[in-house]
Amino acid sequence: LKIIAFSLIAMTFIGCGKSAFMMMDKTPEYQKALQFTEQKELRNYFETLAIVRVTYLSALEPKKYGNVPTFFVGLNIKNDFLRNKKGINNPLFSLMSNNTEITEIEEVTIEHPLYKSMPVMNRWSRYYKITFIGNPLLETMNVKFEHKASKENIVFTFNPLENFQH
């Protein structure tokens, strides 16, 4: 029985190759980024319309992003590939923070250093660095992603930066 159990464990690691060991050996930066990352699904009844992942960069790196609300957003929108991959510009969806519009959008590609430092990446999503108007030091930041036709939405809530200890 011990030999069978050991064989199964060995085959798992051999079959997974490097990826199984990489999952166990993440950098401190990666682990810290996980603390400020949330993922949710936007649904309309039983249909998943989008999977959204938000990392609060202002809390992750306050010296770099602490003056303006800045987020790393991953979007996986259902059938977006059929709509010329509009991603964040898909007219069926909107993204706001504390009822303010986006002030800056930068698409983050696989070559971007920010892409390489973020947790839980996949090839099906499109990624963006997004800034909004607001004071992340004092305000609770609510990022709302909404499907315009159904009015279904999901909200990510992040505490003011003064609540985080660095």
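Once a new chain begins, its residue numbering starts again from 1 and follows that chain's sequence as written. Where local features are concerned, this predicted model is filtered to residues with pLDDT of at least 70; where side-chain atom pairs are given and counted, the filter is 80 or more; whole-chain, interface and lining totals use all residues. Side-chain figures throughout are based on the complete set of non-hydrogen atoms in the structure, without hydrogens or water.

Secondary structure elements are taken from DSSP: a helix is a run of H or I of four residues or more, a strand is a run of E of two residues or more, and numbering for both begins at the N terminus. Secondary structure assignment for the protein chain yields six helices and eight strands. When the helices and strands of the protein chain are read in sequence order from the N terminus, they spell out α-α-α-β-β-α-α-β-β-β-α-β-β-β. Within the protein chain, the fraction of its 166 residues that count as buried is 37%. Any two residues having at least one pair of non-hydrogen atoms within 4.5 Å are treated as being in contact. The long-range fraction of contacts in the protein chain, counting pairs at least 24 apart against all pairs at least 6 apart in sequence, stands at 62%. For the accessible areas, the method is Shrake-Rupley and the probe is 1.4 Å, while residue cover comes only from the protein chains on display. Put simply, the protein chain shows about 10500 Å² of open surface, and 57% of that area lies on carbon and sulfur atoms. Relative accessible area decides the class of each residue, using a 1.4 Å probe on protein chains only: under 20% of the type maximum gives buried, over 50% gives exposed, and in between gives partly exposed.

A separate point is the confidence of the model for the protein chain. Per-residue pLDDT for the protein chain averages 82, and the proportion of residues at 70 or more is 81%. For the protein chain, the element scoring lowest by mean pLDDT is helix α2 (residues 18-24), at 48; strand β6 (residues 126-132) scores highest, at 93. pLDDT is defined as a per-residue confidence score from the predictor, taking values between 0 and 100. Overall, residues 17-21 carries pLDDT values under 50, and its contacts beyond four positions in sequence, including any with other chains, amount to two contacts.

What follows concerns the sheet that holds strand β4 (residues 93-97). One key point about sheets: their strands pair by backbone hydrogen bonds, in either a parallel or an antiparallel sense. Ordered by their spatial adjacency, three strands build an open sheet running β4-β7-β8, and the pairing between neighbours is antiparallel. Strands with a single pairing partner mark the edges of an open sheet, and in this sheet they are β4 and β8 (153-158). Across the sheet, the mean angle separating the axes of adjacent strands is 10 degrees when strand polarity is ignored. Here six bridges tie strand β7 (residues 141-147) to β8, and the two strands are oriented antiparallel to one another. Its bridge partner being in β8, M141 is matched across the sheet by F158. A pair of strands counts as paired when DSSP detects no fewer than two bridges linking them. Note on geometry: axes are lines fitted to C-alpha atoms, helical ones only across the stretch in contact, with angles between N-to-C directions running from 0 to 180 degrees.

Before going further, it helps to examine the packing of aromatic side chains. Any Phe, Tyr or Trp ring, taking Trp's six-membered ring, that has another such ring centre within 6.5 Å forms a pair; planes under 30 degrees apart are called stacked, those over 60 apart edge-to-face, and the others tilted. This structure, assessed with the given rule, holds seven aromatic pairs. Arranged with centres 5.5 Å apart and planes meeting at 5 degrees, the rings of F72 and Y127 form a pair that is stacked. Of this pair, F72 sits in strand β3 (residues 70-77) while Y127 sits in strand β6, and the two are 55 residues apart along the sequence. Considered together, F72 and Y127 belong to a single accessibility category, that of buried residues. Summarising the aromatic geometry, the rings of F93 and F145 are spaced 5.1 Å apart at their centres and angled 10 degrees between planes, so their arrangement reads as stacked. Taken together, the residues F93 in strand β4 and F145 in strand β7 connect sequence positions 52 residues apart. The burial state of F93 is the same as that of F145; both residues are buried. Clustering of aromatic rings is evident, with ring pairs tying together Y56, F71, F132 and F158. A cation over an aromatic ring shows up here: K40 above the ring of F156, its NZ or CZ 5.1 Å from the ring centre. In this scheme, the term charge over a ring applies when either NZ of a lysine or CZ of an arginine sits within 6 Å of the ring centre and within 35 degrees of the ring normal.

The subject of this paragraph is the sheet that holds strand β2 (residues 47-56). The five strands lie next to each other as β1-β2-β3-β6-β5, forming an open sheet whose pairing is antiparallel. On the outer flanks of this sheet lie β1 (37-44) and β5 (102-108), each paired with one strand and no other. Between one strand and the next, the sheet's axes are offset by a mean angle of 25 degrees, whatever the strand orientation. Of the pairings in the sheet, the one linking β2 to β3 comprises seven bridges and is antiparallel in character. By the bridge assignment, I51 is partnered in β3 with N76.

As a rule of thumb, soluble globular proteins bury nonpolar side chains together. Each nonpolar core is a collection of buried residues, namely Ala, Val, Leu, Ile, Met, Phe, Trp, Tyr and Cys, held together in the definition by side-chain atoms within 4.5 Å. In terms of nonpolar packing, the biggest core is built from 35 residues, with V52, Y56, F71, V73, L75, L95 and F145 touching the most fellow members. Looking at this core, the elements that each hand over two or more residues are β2, α4 (57-60), β3, β4, α6 (113-117), β6, β7 and β8.

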